[in-house]
Amino acid sequence: MLGDFLLRYWKIILGLGLVMAVGGLFLQTSSPILGKIVEFFGFAFVAVVAYVLGYKNASDEAEKQIKAEIEKLVKQDIRFKFAGDRAIKNLKAPLTGKK
């Protein structure tokens, strides 16, 4: 659920994080504590978005490789098709929260 939200609005969250991170640097001249807090949360937003996008890209690439291997094995035996479908379904489950 959180992964779906982040994937849907990642551009907005990334922009907000960058603005907060840079804005925190300028706030440190007037209020050092507030500047550090804003900067910390800005970099935290950027890091979370980078992690989710990296996980999404890695899972997509793994899904492609699994499908390619399963297609080779299906030519030998139909049981491999069901095992491959189950593996891809379980690969997607942690990101989307659905099974």
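A.B. asks: Is there a simple way to explain the overall build of the protein chain in this structure?
C.D. replies: When helices and strands are counted, the protein chain shows four helices and zero strands. N-terminal to C-terminal, the α/β element order of the protein chain is α-α-α-α. Looking at the protein chain as a whole, 19% of its 99 residues qualify as buried. Taken as a whole, the protein chain presents about 7,400 Å² of accessible surface, with 69% of it coming from carbon and sulfur.

A.B. asks: Can you walk me through the confidence of the model for the protein chain in this structure?
C.D. replies: Low pLDDT means the predicted coordinates in that region are not meant to be read closely. Mean pLDDT over the protein chain works out to 81, with 85% of the residues at or above the 70 mark. Looking across the protein chain, the model is least confident in helix α4 (residues 79-96), with a mean pLDDT of 68, and most confident in helix α2 (residues 10-27), with 89.

A.B. asks: Help me out: how do you make sense of a nonpolar patch on the surface in this one?
C.D. replies: On the surface, a cluster of nonpolar side chains totalling about 430 Å² of accessible area is made up of Leu2, Phe5, Tyr9 and Ile12. Inspection of the secondary structure assignment puts phenylalanine 5 in helix α1 (residues 2-8).

A.B. asks: Can you walk me through α2 in this structure?
C.D. replies: Counting along an α-helix, one turn takes 3.6 residues, and residues three or four places apart therefore face a common direction. The first and last C-alpha atoms of α2 sit 25 Å apart over 18 residues, in line with the 26 Å expected at 1.5 Å per residue. By the burial criterion, the buried members of α2 are Ile13, Gly17, Ala21 and Gly24. Across the axial projection of α2, the buried residues extend over an arc of 75°, all falling on one side. Counted as exposed and oriented over 90 degrees from the buried face of α2: Lys11, Ile12, Val19 and Phe26. Looking at the buried positions of α2, the neighbouring elements they touch are α1 and α3 (32-74).

Criteria and thresholds
- Residues numbered from 1 in each chain as written.
- Predicted model: local features only at pLDDT ≥ 70, side-chain atom pairs only at ≥ 80, totals over all residues.
- Heavy atoms only, no water.
- Helix = DSSP H or I, 4+ residues; strand = E, 2+ residues; numbered from the N terminus.
- Buried < 20%, exposed > 50% of the residue type's maximum accessible area, 1.4 Å probe, protein only.
- Areas by Shrake-Rupley, 256 points an atom, 1.4 Å probe, with all protein chains shown as cover.
- pLDDT = per-residue confidence, 0-100.
- Patch = residues over 30% accessible without salt bridge, like charges linked within 9 Å, V, L, I, M, F, W, Y side chains within 5 Å.
- Salt bridge = Lys/Arg side-chain N within 4 Å of Asp/Glu carboxyl O.
- Expected span 1.5 Å × (residues − 1).
- Arc of directions from axis to C-beta.
- Contact = heavy atoms within 4.5 Å.

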